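Structural overview for review
Read off the chains here:
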Amino acid sequence: MCGIHELTEKDLQPLTFTPAYLDKIKGMRFFDPHVHMTSRTTDDYQAMADAGVVALIEPAFWLGQPRTGIDTFRDYFNSLLGWERFRASQFGIKHYCTIGLNSKEANNEALAEAVMEIMPQFIYKEGVVGVGEIGFDDQTPLEEKYYRAQLELAKEAGLPVQIHTPHRDKKKGTQRSMDIAIEHGLPPHMVIVDHNNEETVKEVLDRGFWAAFTIYPFTKMGNERMVEVVKQYGSERIMVNSAADWGISDPLAVPKTAALMHESGIDLNDIHLVTYVNAVKAFAQSGQINEADFDIAGNIDQSEKFNGSTVLRGGQQPRINKNTTIIR
């Protein structure tokens, strides 16, 4: 006769687990300088905070389908400065953003003109640490026109520029982006060239620009490749980001890459530089970043409200333990 197991008090205890990579990065702090949290969930914020992410930058970007009017841009920019910053704060993460007209939508000239008119209303606001992400996608004349116009806005505002390099013909697009930035009188130390790979990194560094690398599954860079880049080029002016968005992506790419670097024998100081310090230095040139604010952000009260709304829904209790399989 088959016995039936009777549940005990022990069986009813919540099951918990800790991902193995967290042990390798215990006590480290991370700054993700490119992540699109508008597309992510509160679970992602919680997981990032638990992994040591204390601050991030959310660049303005393409939402997956073309916007049809200027008010959609206005509302989006306002959300980066308002609700999304508030949402991050509810998980102890300091949220900054960059404001810009993305290269894909620069090809809609009428809409692009309207966006350029409202951008000065946003780039001077608190929490805006740069103009971005801007640059090339298909490398069209309109993309170049509005890239140049936004470089001038950044110069006038004294803000760093966050460049999106194209997925296709990346080397040419990266070189062209840097050439135009120099032509407009932007010093390389004020320009963060993003989405680099092995083909572009040497020239970006040799010319004095910041080289950002996106750890994005199957496309931009894997973190094993990133380990090899740091071993070859060191940690000066190199930074790692996740660029996590509405696609298949990982908002934990920065801490996971730090764990792999540690496992691969890279010096802890170099890991700290490429996953925290360099991003802070580059974007602190905006005058908007104070590391002391990262500690203040850790004081969480999830019952706080933003325009009458909280991150809690229907009587939820604050700070739900995401390591448990039990959902209460």
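Report follows, based on the coordinates. (Residues numbered from 1 in each chain as written. Predicted model: local features only at pLDDT ≥ 70, side-chain atom pairs only at ≥ 80, totals over all residues. Heavy atoms only, no water.)

**A closer look at the packing of aromatic side chains**
- For the structure on display, the rule yields twelve aromatic pairs.
- Centroid distance tyrosine 76 to phenylalanine 77: 6.0 Å. Interplanar angle 40 degrees. Geometry classified as tilted.
- With relative accessibility at 5%, the residue tyrosine 76 sits in the buried group.
- The exposure class of phenylalanine 77 is buried, given its relative accessible area of 0%.
- With 5.3 Å between their ring centres and 65 degrees between their planes, phenylalanine 77 and phenylalanine 122 make a pair best called edge-to-face. With phenylalanine 77 in helix H3 (residues 70-81) and phenylalanine 122 in the loop between helix H5 (109-118) and strand E4 (128-135), this residue pair connects regions lying 45 residues apart in the sequence.
- One aromatic cluster is present, formed by Phe31, Tyr96, Tyr276 and Phe294 through successive ring pairs. (Phe/Tyr/Trp six-rings, centres within 6.5 Å; stacked < 30°, edge-to-face > 60°. Buried < 20%, exposed > 50% of the residue type's maximum accessible area, 1.4 Å probe, protein only. Helix = DSSP H or I, 4+ residues; strand = E, 2+ residues; numbered from the N terminus.)

**Focus on the pairing of E4**
- With eight of eight residues buried, E4 lies mostly within the body of the structure.
- Pairing analysis gives three bridges linking strand E3 (residues 94-99) to E4, with the strands arranged parallel. Bridge pairing in E4 links cysteine 97 to valine 128.
- Sheet analysis places E4 next to strand E5 (residues 161-164), joined by four bridges and oriented parallel. Among the inter-strand pairings, valine 131 is bridged to a residue of E5, identified as valine 161.
- One crossover worth recording links E4 to the parallel E5 by way of helix H6 (residues 141-157), and it is right-handed. (Pairing = 2+ DSSP bridges. Right-handed = clockwise from strand over helix to strand, strands pointing away.)

**Some thoughts on the pattern of salt bridges**
- Within the structure shown, the criterion is met by 22 salt bridges.
- Lysine 256 is paired through a salt bridge with aspartate 250; the nearest N and O atoms lie 2.8 Å apart.
- Given a relative accessible area of 29%, lysine 256 falls into the partly exposed group.
- Several salt bridges converge on common partners, so that one network encompasses Lys104, Asp137, Asp138 and Arg168. (Salt bridge = Lys/Arg side-chain N within 4 Å of Asp/Glu carboxyl O.)

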